[in-house]
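Structure at a glance
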Amino acid sequence: MSYSIHPIADFHTHTLFSPHAYSTVTENAAAAAKCGMLAVACTDHAEATPDTGHHWHFTNMKILPPIIEGVRVLRGMEANVIDFTGRIDASPKLRQQMELVIASMHAGTTPQGSVEEVTQAWIAVAADPDIDIIGHSGTPRYAFDYETVIPLFGQCGKVVEINEGSFRVRRDSYENCKRIAQLCKQHGVRIAVNSDAHFHMHVGQFQESIQMLEEIGFPPELVVNNSRETLEAFFNEKGLAW
Ligand SMILES: [Zn+2]
Ligand SMILES: [Zn+2]
């Protein structure tokens, strides 16, 4: 079966720096190469995540070569949205040293709030210039006013993530993710299809996301990591070199 959506980069992966993940940067890069990815982002958890390490991990990522195992490795971070004003657990200075910043909400780092509170938090994040990608926003625990916020993400140049890991470990996210994808389609908001791999064998694996996107006829040109053209346009926009 041939799909019009077949991502060639994975912008959300974890390494041993987040101890609840189990692979190295090199193992992730090798796994990405094996499944034909051109780029992989190393996006470990920022400091509010209870088991993550010291922020020197992020500042010292500059020593990593841009290409590992033949794949462009982006120096990234998965930051936490830690309150309903949209505060992020990494300083602007630290975020600006990263090539890619995802902002996500997680149990344990983001308080549980009402739909209105979560909506306010995402509206604030939409206006934050240091955030590139909105991570796994379909989590039912953090439901928000999708009709208001998803178009706003698009207007503010954010990329909305469709997260394969959600379909494995946050199974109850599926319907929300589908709704979010439908709204992205409707409003022309760009998405990225990411694995959120916590083990290298999951890097570049997006089967359930692809199936869902195909089901709703999602336009491939809105997927930033789907083709050389969309990927290069995204790199240019972010000032990233190969
Ligand atoms: Zn996450
Ligand atoms: Zn993650």
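This write-up is about the structure you can find in this document. Everything quoted here is computed from the prediction, not taken from an experiment. (Residues numbered from 1 in each chain as written. Chains lettered and ligands numbered in written order. Predicted model: local features only at pLDDT ≥ 70, side-chain atom pairs only at ≥ 80, totals over all residues. Heavy atoms only, no water.)

**Remarks on the coordination of the zinc ion (ligand 2)**
- Protein coordination of the zinc ion (ligand 2) is provided by H12 (NE2), H14 (NE2), E78 (OE) and D196 (OD), with donor distances spanning 2.0 to 2.3 Å.
- Here the donor residues for the zinc ion (ligand 2) map to a single chain with the spacing H-x1-H-x63-E-x117-D.
- Here the zinc ion (ligand 2) and the zinc ion (ligand 1) are spaced 3.3 Å apart, and both take E78 as a donor. Of this pair, H14 sits in the loop between β1 (9-13) and α1 (25-34) while D196 sits in the loop between β8 (191-194) and α8 (207-215), and the two are 182 residues apart along the sequence.
- On the basis of relative accessible area, D196 is assigned to the buried category, the value being 6%. (Donors = N, O, S within 2.8 Å, 3.2 Å for Na, K, Ca; no water. Helix = DSSP H or I, 4+ residues; strand = E, 2+ residues; numbered from the N terminus. Buried < 20%, exposed > 50% of the residue type's maximum accessible area, 1.4 Å probe, protein only.)

**Remarks on the packing of helix α7 (residues 174-187) against α8**
- It is at 10 Å that the axes of α7 and α8 come closest, and there the two elements cross at 50°. The orientation of α7 relative to α8 falls into the category oblique. Two packed elements cross with a definite hand, and for α7 against α8 that hand is right-handed. Across the interface between the two elements, Y174, C177, K178 and A181 of α7 pack against M212, L213 and E215 of α8. (Axes fitted to C-alpha atoms, helices over the stretch in contact; angles between N-to-C directions. Parallel < 35°, antiparallel > 145°, perpendicular 65-115°, else oblique. Left-handed = near helix turned anticlockwise from the far one by under 90°. Contact = heavy atoms within 4.5 Å.)

**Focus: the pattern of salt bridges**
- One pass over the full model with this rule turns up 10 salt bridges.
- For the salt bridge of R72 with E99, the shortest nitrogen-to-oxygen distance reads 2.7 Å. One end of the pair, R72, is in strand β4 (residues 71-80); the other, E99, is in the loop between α3 (92-96) and β5 (100-104), and 27 residues separate them in sequence. There is no split in this pair, since R72 and E99 are both buried. (Salt bridge = Lys/Arg side-chain N within 4 Å of Asp/Glu carboxyl O.)

**Quick notes on helix α5 (residues 146-155)**
- Listed in full, the buried residues belonging to α5 are Y146, V149, I150, P151 and F153.
- In the core, the buried residues of α5 are packed alongside α4 (115-126), β6 (133-134), β7 (159-163) and α7.
- Phi turns positive one or two residues past the end of α5, at G157, with a value near 80°.

**A word on the side chain of R95**
- Inspection of the secondary structure puts R95 in helix α3.
- The exposure class of R95 is buried, given its relative accessible area of 7%.
- A distance of 2.9 Å separates the side chain of R95 from the backbone oxygen of A90, its partner in a polar contact.
- Separated by 2.8 Å, the side chains of R95 and D128 make a polar contact. (Polar contact = N/O pair within 3.5 Å; in protein donor to acceptor, adjacent residues only side chain to side chain.)

**Some points on the coordination of the zinc ion (ligand 1)**
- Looking at the zinc ion (ligand 1), one finds its protein donor set to be E78 (OE), H106 (NE2) and H136 (NE2), positioned 2.1 Å from the metal centre.
- One chain supplies every donor to the zinc ion (ligand 1), and in sequence these donors are spaced E-x27-H-x29-H.
- With relative accessibility at 14%, the residue H106 sits in the buried group.

**Some details on the pairing of β5**
- Counting buried positions along β5 yields five of five residues, so the element is predominantly enclosed.
- Both faces of β5 are covered, namely the face carrying L100, I102 and S104 and the face carrying V101 and A103.
- Note that β5 and β6 share two bridges and pair parallel. Directly across from I102, in β6, lies its bridge partner I133.
- As for the winding sense of the linkage, the β-α-β connection from β5 through α4 to β6 is right-handed. (Pairing = 2+ DSSP bridges. Right-handed = clockwise from strand over helix to strand, strands pointing away.)

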